[in-house]
Amino acid sequence: MQGRTASAVDAVNKTGGRGYDTSFFSPGRFMTSDKGTRRPRGAVRVVGIAGGGQLAQMMLPAAAELGLAVVVLDPDPQCSAAGEAQGVVVGEFQSAAALRELAGRCDVLTFEIERINAAALAELEAEGHVVRPSAATLATIQDKLEQKRFLARHDIPTSAFAAWESGTPLPRALPCVWKARRDGYDGRGVAILRDQADVAALPQAPALIEALVDIDYELAVLVARGHDGTLLHYPVVEIVMDDAAHVMDTVVAPAVAPAAVMARVRELATRVAEAFDYVGILALEFFVGRDGAVLVNEVSPRPHNSGHYTIEACATSQFEQHLRAVAGLPLGSTALRGAAVTFNVLGAPGARGRPCYLGFDRDDADVFVHCYDKPEVRPGRKMAHVTVLAGDRDAALARAAAIKPGIRVEGSNV
Ligand code: AIR
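A quick note: this is a predicted structure, and the numbers were derived from the prediction, not measured.

Draft legend 1. How the structure looks around the nonpolar core. Counting residues in hydrophobic clusters, the biggest one holds 103 residues, and the most contacted among them are Val47, Met59 and Val70. When residues in this core are grouped by element, the largest group, eight residues, is from helix α2 (residues 54-66). Sequence-distant contacts of Met59, defined by excluding residues within four places in its chain, comprise Ile49, Val70, Phe319, His322 and Leu323. Core analysis: the second largest hydrophobic core is formed by eight residues, Phe161, Trp164, Ala180 and Leu208 among them.

This is the structure:
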């Protein structure tokens, strides 16, 4: 396995990262993955990922296991995936030329961040490049208004919403939720509007206004869908938000919720994935209202923070599964092996400069610290995550609560 992995990697390196060695496709050449998949010649050897952050970084070990080489595109030459990827295209996500270069260096193109030039991807797709998930799926999901319209069109329950432009009257009474149509992630581009001062503080950007849901609890689920339509669900998990930062704080696997709610979550996830004719990992977040209604909050066309627990807790991680789906390999089992709690480690308040990791050296067998190797820390920036495994949910929650205060990322400025 290892030797074959090296071959795909060498193929990229040999050409100076400018493509792959076509001798690799010589007649009769087959490759066997760790799960015993025989791959005919012409199979995917190189995956191009638009985005080289932590999500790409966490795909790399899985890619190596599957014998796939990875080339990433990122504006930051020191992005998280740069150290281990077989190639890096340094360029902007909006640059059609950079995306074209990436497409020219891979067999299948995917992405791990939404703010990619979807029109340029659609052009590459029209020219015959394989883009998974599709450029049309990205275009719909990356615009939160179009995403909501898509859900509504397919009768997927979601909170009430309306388009809104700065300087015009709000389409609904306060309190309500403001979301930038584009480019919001990791808590950026979301605000709860409670009074006129909140409205006055909003940035100028095309936006949508959503009803503020009276949330009882929040759930998430990942769906993996292969190019042949095979669809698998991961376990439904509970998510706990950091309400001030609007980012996910903790993920608890498995969720505890009434059977009817769990079934509804899985049903809605299936319907969304099928409506997109989706290929890859699709992440869905849900609100369960105090009235018992299950609403889709947001969907993400990529591996997701709510699925990091799958690295240690599931038979196949979300990262391996995404690669399997986009590379046209059979999907792996999504079975949960035990309870898990994942929490994010964000840059500490005021932290700037070079990251200083506190409490990251651990030798406990049930605690897994994933450091994203970002060259710079900023307050609230996702710098790492920690997964705790235990026999049951309560034990995992208690262990996570005990270790969390000791794990921090400060900056060289302090
Ligand atoms: N990401 C993409 N959408 C949401 C998130 N969190 C991940 C991707 C992306 C990275 O965050 O892996 O490349 C960018 O992180 P940062 O801290 O540089 O903004």
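Let's pick the thread back up.
Draft legend 2. Spotlight on the environment of Val367. Residue placement: Val367 occurs in strand β20 (residues 367-371). Of the residues examined, Val367 has 16 C-beta atoms within 10 Å and is grouped as partly exposed. Excluding residues within four positions of it along the chain, Val367 makes contact with Arg362, Val386, Val388 and Ile403.

Draft legend 3. Fine view of unusual backbone geometry. At the junction of Arg132 and Pro133, the peptide bond is cis and its omega measures out at -10 degrees in the coordinates. Within the element layout of this structure, Pro133 appears in the loop between β7 (130-131) and α5 (135-142). Look at the link from Leu174 to Pro175: it is a cis peptide, with omega at -5 degrees. Along the chain, the position of Pro175 falls in the loop between β8 (161-164) and β9 (176-180). Positive phi is not limited to glycine here, since Asp155 has a value of about 55 degrees. Positionally, Asp155 belongs in the loop between α6 (144-153) and β8. At Asp277, a position not held by glycine, the phi torsion is positive, near 50 degrees.

Draft legend 4. The pairing of strand β16 (residues 280-289), seen in detail. The buried count for β16 comes to nine of ten residues, which makes it a mostly enclosed element. Bridge count for strand β12 (residues 215-225) against β16 is ten bridges, and the pairing is antiparallel. Note on β16: the bridge partner recorded for Val223 is Leu282. Bridge count between β16 and strand β17 (residues 294-300): six bridges; the pairing is antiparallel.

Draft legend 5. Fine view of the packing of α2 against helix α10 (residues 318-326). The geometry of α2 relative to α10 is characterised by a closest axis approach of 8 Å and an angle of 55 degrees between their N-to-C directions. What the angle tells us is that α2 and α10 run oblique. Helix-helix and strand crossings are classified by hand; for α2 and α10 the assignment is right-handed. Packed against α2, whose contacting residues are Met58, Met59, Ala62, Ala63, Glu65 and Leu66, the element α10 presents Phe319, Glu320, His322 and Leu323 at the interface. The class makeup of the residues in the contact of α2 with α10 is seven nonpolar, one polar and two charged.

Here is what the cut-offs are and how they apply
- Residues numbered from 1 in each chain as written.
- Predicted model: local features only at pLDDT ≥ 70, side-chain atom pairs only at ≥ 80, totals over all residues.
- Core = buried A, V, L, I, M, F, W, Y, C linked by C-beta atoms within 7 Å.
- Buried ≥ 20, exposed ≤ 12 C-beta atoms within 10 Å, placed from the backbone.
- Helix = DSSP H or I, 4+ residues; strand = E, 2+ residues; numbered from the N terminus.
- Contact = placed C-beta atoms within 7 Å.
- Pairing = 2+ DSSP bridges.
- Axes fitted to C-alpha atoms, helices over the stretch in contact; angles between N-to-C directions.
- Parallel < 35°, antiparallel > 145°, perpendicular 65-115°, else oblique.
- Left-handed = near helix turned anticlockwise from the far one by under 90°.
- Nonpolar A, V, L, I, M, F, W, Y, C, P; charged D, E, K, R; others polar.

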